[in-house]
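# Inside the fold
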Amino acid sequence: MNASTALLTDRYELTMLQATLRDGTAQRRSVFELFARRLPEGRRYGVVAGVGRLLDALAEFRFGQVELDWLREAGVVDEDTIQWLADYRFSGTIWGYPDGELYFPQSPVLIVEGTFAESVILETVFLSILNHDSAIASAATRMITAAGNRPCIEMGSRRTHEGSAVAAARSAYIAGFAATSNLEAGRTYGIPTTGTSAHSFTLLHDTERDAFEAQVRALGPGTTLLVDTYDIPEAIRTAVEVAGPELGGVRLDSGDLVALAGEVRRQLDDLGATSTRITVTSDLDEYAIAALAAAPVDGYGVGTALVTGSGAPTSGFVYKLVSREGTGGEMVPVAKKSKDKVSVGGRKSALRRRDAAGTAQAEVIGIDLTPVHDGDDRTLLVELVRDGSRVHHETLDDARERLRTSLAELPATSRQLQAGEPAIDTVYEERT
């Protein structure tokens, strides 16, 4: 058994549970929805990621003896609540947008149906996973769009929490990144891994030539040599002398990358290394990648900007009760009316309205009804959990393909990096 995820939660989830167990409302049927009221400033779409991780976390959301003993010792909740938690198993149903789907303001990214007690305590862990992973996937998708046909490598592990690094690599791969530097991500998710050497490797050796020779002996001439430790033109000459014209690649990690890439390409070609690839790194984000579009670059390594969401480190998702059982057994829509934090009551359904050419026109959300499908539209929600059992199983390649398809549906201008309004409007349908 993996480590329990049950304490990856906020205290008020359990104090609410205790209060509802005491007043008899804990077993009321309830519907919670996870959504974003708005996209990050200037973003035109968001990308869902983390659904697979969320389902893994749900499977391990169990209060074992260690967790129960700590709750008791810390005085978090009373003994009756602890006994209830000891038998906790989510028995409800969850629908959601799958990994790789696009979302927009108010999209019902996750719908959790069950009793209030068993659903409310999942709030924090669900938000934690989807807020992080979707933010990374959204930033990564913008980078992939800017890169065009050139591959991107995720290499941000050292710029974030060690657990977040693995999750970020997963999200980046969904977005279309070709590989990661993180070995745990490779082991856990089967993502291709890559990497050769850092400046410390060159500095360790008495000369740059010694370092290059050692790397080529160990990894072969197809390796990528880091050439900006000292003098770049001299390093290029040495690299080709050591590895020959079949040198696999060189990496640039500093300086004016646009100008340097051109100079390095000319020098490599003059030395006969015409197939040697040029990879650039050095604090790249989607805008820096776009600025390199005309440079003779073959690939990008992205770190800090990626794992911090490139200016939008969270997706802004919230988890709100939208419907609950009334005194007569009927389901009653409920909604928050606070200024700037309004929610919309009622259980939602969603489809993406498309025209005859397949271009997305609107995010259509039905309130306590299923929106009318006109033949060109696409249903967005899939069943993830039924009666407590996981029913959704997909590969990361499935998610990558879904994202490619979803992006292709958007109006062409909405895939630009310039700030703008959401690519499509969100409209509601409800009973009249």
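A brief structural summary.

### A short note on the side chain of Asp99
Tracing the backbone shows Asp99 in the loop between β3 (93-96) and β4 (102-103). Taking relative accessible area as the criterion, Asp99 reaches 6% and is therefore assigned buried. For Asp99, the side chain forms a polar contact with the main-chain nitrogen of Gly52, separated by 3.2 Å. Reaching out from Asp99, the side chain makes a polar contact with the side chain of Arg170 at a distance of 2.8 Å. In contact with Asp99, other than residues within four places in its own chain, are Val48, Ala49, Gly50, Val51, Gly52, Arg170, Ile174, Ala399 and Arg402.

### Topic: the layout of surface pockets
To locate leftover empty space, one rolls a probe as large as a water molecule over the atoms. If you add up the space inside the largest pocket, you get close to 960 Å³. Considering the residues around the largest pocket, the lining is formed by 33 residues, among which Met155, Gly195, Arg251, Thr281 and Gly301 are closest to the centre. Put simply, the parts of the chain that give the lining of the largest pocket at least two residues each are β9 (249-252), β10 (277-280) and β11 (299-302). Ranked by residue count, the leading element in the lining of the largest pocket is β11, at four residues. In this model, the second largest pocket occupies a volume close to 550 Å³. Considering the residues around the second largest pocket, the lining is formed by 19 residues, among which Thr5, Arg53, Ala57, Ile129 and Tyr189 are closest to the centre. Within the lining of the second largest pocket, the residues separate by chemical class into eight nonpolar, seven polar and four charged.

### Some points on the pattern of salt bridges
Taken as a whole and judged by the stated rule, the model has 27 salt bridges. The salt bridge partner of Asp99 is Arg170, with a shortest N-O separation of 2.8 Å. Remark: Arg170 occurs in helix α7 (residues 162-175) and Asp99 occurs in the loop between β3 and β4; sequence separation between them is 71 residues. Take Arg170: its relative accessible area is 5%, and that puts it in the buried class. With its nearest N and O atoms 3.1 Å apart, the salt bridge here joins Arg265 to Asp269. Here Asp269 and Arg265 lie together in helix α12 (residues 257-270), a separation of four residues that amounts to about one turn. Using a relative accessible area of 13% as the deciding quantity, one classes Arg265 as buried. Here the residues in one salt-bridge network are Glu101, Arg352, Arg354, Glu363, Arg378 and Glu409, joined through shared partners.

Cut-offs used in this document
- Each chain has its residues counted from 1, following the order in which its sequence is written.
- Per-residue local features of the predicted model are confined to residues with pLDDT of at least 70, and side-chain atom pairs are confined, for both listing and counting, to 80 or more; whole-chain, interface and lining totals are unaffected and use all residues.
- Hydrogens and water molecules were not included; the side-chain quantities draw on all heavy atoms of the structure.
- By the criteria applied, helices consist of DSSP H or I runs no shorter than four residues and strands consist of E runs no shorter than two, each listed in order from the N terminus.
- Burial classification: accessible surface area is computed with a 1.4 Å probe over protein chains only, and a residue below 20% of its type maximum counts as buried, one above 50% as exposed, and the rest as partly exposed.
- Distance and chemistry together define a polar contact, namely a pair of N or O atoms within 3.5 Å, with one atom able to donate a hydrogen and the other to accept it when in protein, and with adjacent residues in sequence counting only for side-chain atoms on both sides.
- In what follows, a contact means two residues having at least one pair of non-hydrogen atoms within 4.5 Å.
- Throughout, the protein atoms alone are placed on a 1 Å grid, and a set of points is a cavity if a 1.4 Å probe fits but cannot get out or a pocket if it is open with protein on both sides within 12 Å along at least five of seven lines; lining residues have an atom within 4 Å of a point.
- Grid points are joined across faces, edges and corners, and a volume is the space filled by probe spheres set on the points.
- Residues are grouped as follows: nonpolar covers Ala, Val, Leu, Ile, Met, Phe, Trp, Tyr, Cys and Pro; charged covers Asp, Glu, Lys and Arg; every other residue, Gly included, is treated as polar.
- For this document, the term salt bridge refers to a Lys or Arg side-chain nitrogen within 4 Å of an Asp or Glu carboxyl oxygen.

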